[in-house]
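Residues per chain are reported as follows:
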Amino acid sequence: MALDLGMAQISQMAFGYWQAQTLFAAVRTGVFDALAEGPLTVDKAAAACGLPEDSALRLLDACVALRLLTRSGDGEYANGQHTQRLLVEASAESVTRWVKVMARWYDPWGGITQALQVAEAVEERRLRLGDDEEYAADFILGMHEYNSRSADALAQALPQQGATTMVDVGGGAGTYSIAFCEQWPDLTSEVIDLPAVLPLTSNTVTQAGLESRIQLRAGDYYSDHFGSDVDVVLLSNVLHQESPEAALGILRRARAALSESGRVLVHGHFLEETRTAPLFTTLHNLSALTLWDGGRSYTVAEMTELMRQAGLAHVEVVQAPEPSAKLLVGTADAAHGADRSHERA
Ligand SMILES: C[S@@+](CC[C@H](N)C(=O)[O-])C[C@H]1O[C@@H](n2cnc3c(N)ncnc32)[C@H](O)[C@@H]1O
């Protein structure tokens, strides 16, 4: 008897993590790297991945079913075209670090029921921010792998309007500073992030050949100032990590740093006003609960109100390249003035 649609969808949801875990196991055991140089039989793939042959056979067959691999008539397994491009670590387009971060988040996500009950994050933030060096590198460079695919389009979506200075608060690997410097002539940017992150930023900036235009500053966005007379303060994928109170403090310091015609850019994934769409952001909101104490997804109206309270006016909403993402552009509200009382003495 055919399953009705409702049951089929519930099954797909309930079994969904089997697919995710198969992908994670294949990346973590190096299946796609082992096949990067060419097709292998199961015994050779098993040896290359350090797996018993029976385990390798099950994993490789499931990867064929998931269309990550192909299997030839004589039993050789090969990477699919997109697998070779995206899931081989040495590929220029690799997203394996990002997949490893998603694999890592499986553990805190497993505690979602508890997180909901106690309304507290399951994972300690400090692990991602330097206490676990390998995880921090995967987190920062994984975001770079993911976001650099659309960062140029974001920078293209916004007119330069004569801006020559930018401060990229919580800039991570410098993904958006690089994209904006590549799109906007004469722009220089300062990435502010935690000390453990900046060596990673330094590498990506050097690889992009932009050391002369992108400076790095170790800082804490809860308390440090963001400079003065700045044309653009960028807060990309930062405020969903924070409570409304913390976000307001950060926005106030961003406003205080602006030049007269300066702009604050808030980039991230937003909930529609109904709060029930887009699907990705409703799930991101749960992810924020498990991962970032105080973190949440905001609607555009909620973020606009925080920006207004911080002294920003004329908030314009620009569609970002990712369907669930937006760029909110706030200009300095002269009537409000720059409130510097929140800066550290
Ligand atoms: C989700 S990432 C976003 C990175 C980058 N802006 C992007 O859009 O790709 C958040 C960034 O905030 C940084 N961060 C977290 N807490 C911070 C703090 N207290 N002060 C400065 N940066 C912080 C993290 O190190 C990380 O680079």
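Since the model is a prediction, treat every value here as computed from it, not as a measurement.

The secondary structure content of the chain amounts to 14 helices and 9 strands. The C-alpha radius of gyration computed for the chain amounts to 22 Å, which stays within 12% of the reference 20 Å derived for 345 residues, consistent with globular compactness. Projecting the C-alpha coordinates of the chain onto the three principal axes gives extents of approximately 75 × 50 × 35 Å. Counting the 345 residues in the chain, one finds 47% classified as buried. A separation of at least 24 residues holds for 67% of the contacts in the chain among residues at least 6 apart in sequence. Counting every atom, the chain has about 16,900 Å² of accessible surface; 54% of that belongs to carbon and sulfur. Looking at charge distribution, the chain has the averaged site of its 25 positive side-chain charges lying 2 Å from that of its 45 negative ones.

Glancing now at the domain arrangement of the chain. On domain assignment, one finds that the chain holds domain 1 (5–91) and domain 2 (138–332). Each of domain 1 and domain 2 was reduced to a C-alpha centroid, and the two centroids are 36 Å apart.

Let us now look at the nonpolar core. Among the nonpolar cores identified, the biggest contains 29 residues, and F226, L235, L239, L251, V264, V266 and M303 are the most heavily contacted of them. Listing elements by their share of this core, those giving two or more residues are β3 (165–169), β6 (230–236), α12 (244–256), β7 (258–269), α14 (300–309) and β9 (325–332). For this core, the element with the most residues is α12, which contributes 5 residues. Not counting chain neighbours up to four residues away, the residues in contact with L235 comprise V169, I250, L251, A254, V264, L265, V266 and H267. I178, I214, V318 and L327 belong to the second largest nonpolar core, which has 25 residues in total.

Across the sheet, 7 strands lie side by side as β5-β4-β3-β6-β7-β9-β8; this open sheet has mixed pairing. The sheet is open, and its two edges are formed by β5 (214–218) and β8 (312–319), each paired on a single side. When strand polarity is set aside, the average angle formed by the axes of neighbouring strands in this sheet is 20°. Across 6 bridges, the pairing between β8 and β9 is antiparallel. The residue of β9 that forms the bridge with V318 is L327. On top of the sheet, α12 reaches β6, β7, β8 and β9; it is set at about 145° to β7, its chief contact.

Before going further, it helps to examine the packing of helix α6 (residues 96–110) against helix α8 (residues 133–147). Between α6 and α8, the least distance of the axes is 7 Å, while the angle of their chain directions is 125°. Here α6 lies oblique to α8, going by the angle between them. In this structure, the crossing between α6 and α8 has a hand that is left-handed. For the pair α6 and α8, contact is made by T96, R97, W98, K100, V101, R104 and W105 and by Y135, A137, D138, F139, L141, G142, E145 and Y146, respectively.

Time to look at helix α3 (residues 42–49). An α-helical segment advances 3.6 residues per turn. Residues three or four places apart therefore align on the same side. Looking at α3, one finds that the buried residues are V42, A45, A46 and C49. The buried residues of α3 all sit within an arc of 100° when viewed along its axis, so they share a single face. The exposed residues of α3 that point more than 90 degrees off its buried face are K44, A47 and A48. Considering only its buried residues, α3 is in contact with α2 (31–34), α4 (53–65) and β2 (77–79). Positive phi appears at G50, one or two residues downstream of α3, with a value of about 70°.

This part is about the packing of α12 against α14. A packed helix pair is summarised by two numbers, namely the angle formed by the two axes and the spacing between the axes. Following both chains from N to C, one finds α12 and α14 inclined at 50°, their axes separated by 9 Å at the closest point. In terms of their interaxial angle, α12 and α14 are classed as oblique. Viewed along their axes, α12 and α14 form a crossing whose handedness is right-handed. Side by side, α12 and α14 meet where P244, A247, L248, L251 and R252 of the first sit next to M303, L306, M307 and Q309 of the second. Among the residues making up the contact of α12 with α14, the classes are represented as 7 nonpolar, 1 polar and 1 charged.

Basis of the calculations
Residues numbered from 1 in each chain as written. Predicted model: local features only at pLDDT ≥ 70, side-chain atom pairs only at ≥ 80, totals over all residues. Heavy atoms only, no water. Helix = DSSP H or I, 4+ residues; strand = E, 2+ residues; numbered from the N terminus. Rg over C-alpha atoms; globule rule 2.2 N^0.38 Å. Buried < 20%, exposed > 50% of the residue type's maximum accessible area, 1.4 Å probe, protein only. Contact = heavy atoms within 4.5 Å. Areas by Shrake-Rupley, 256 points an atom, 1.4 Å probe, with all protein chains shown as cover. Lys, Arg positive; Asp, Glu negative; His and termini not counted. Charge placed at Lys NZ, Arg CZ, Asp CG, Glu CD. Domains from an automatic or database assignment. Core = buried A, V, L, I, M, F, W, Y, C linked by side-chain atoms within 4.5 Å. Pairing = 2+ DSSP bridges. Axes fitted to C-alpha atoms, helices over the stretch in contact; angles between N-to-C directions. Parallel < 35°, antiparallel > 145°, perpendicular 65-115°, else oblique. Left-handed = near helix turned anticlockwise from the far one by under 90°. Arc of directions from axis to C-beta. Nonpolar A, V, L, I, M, F, W, Y, C, P; charged D, E, K, R; others polar.

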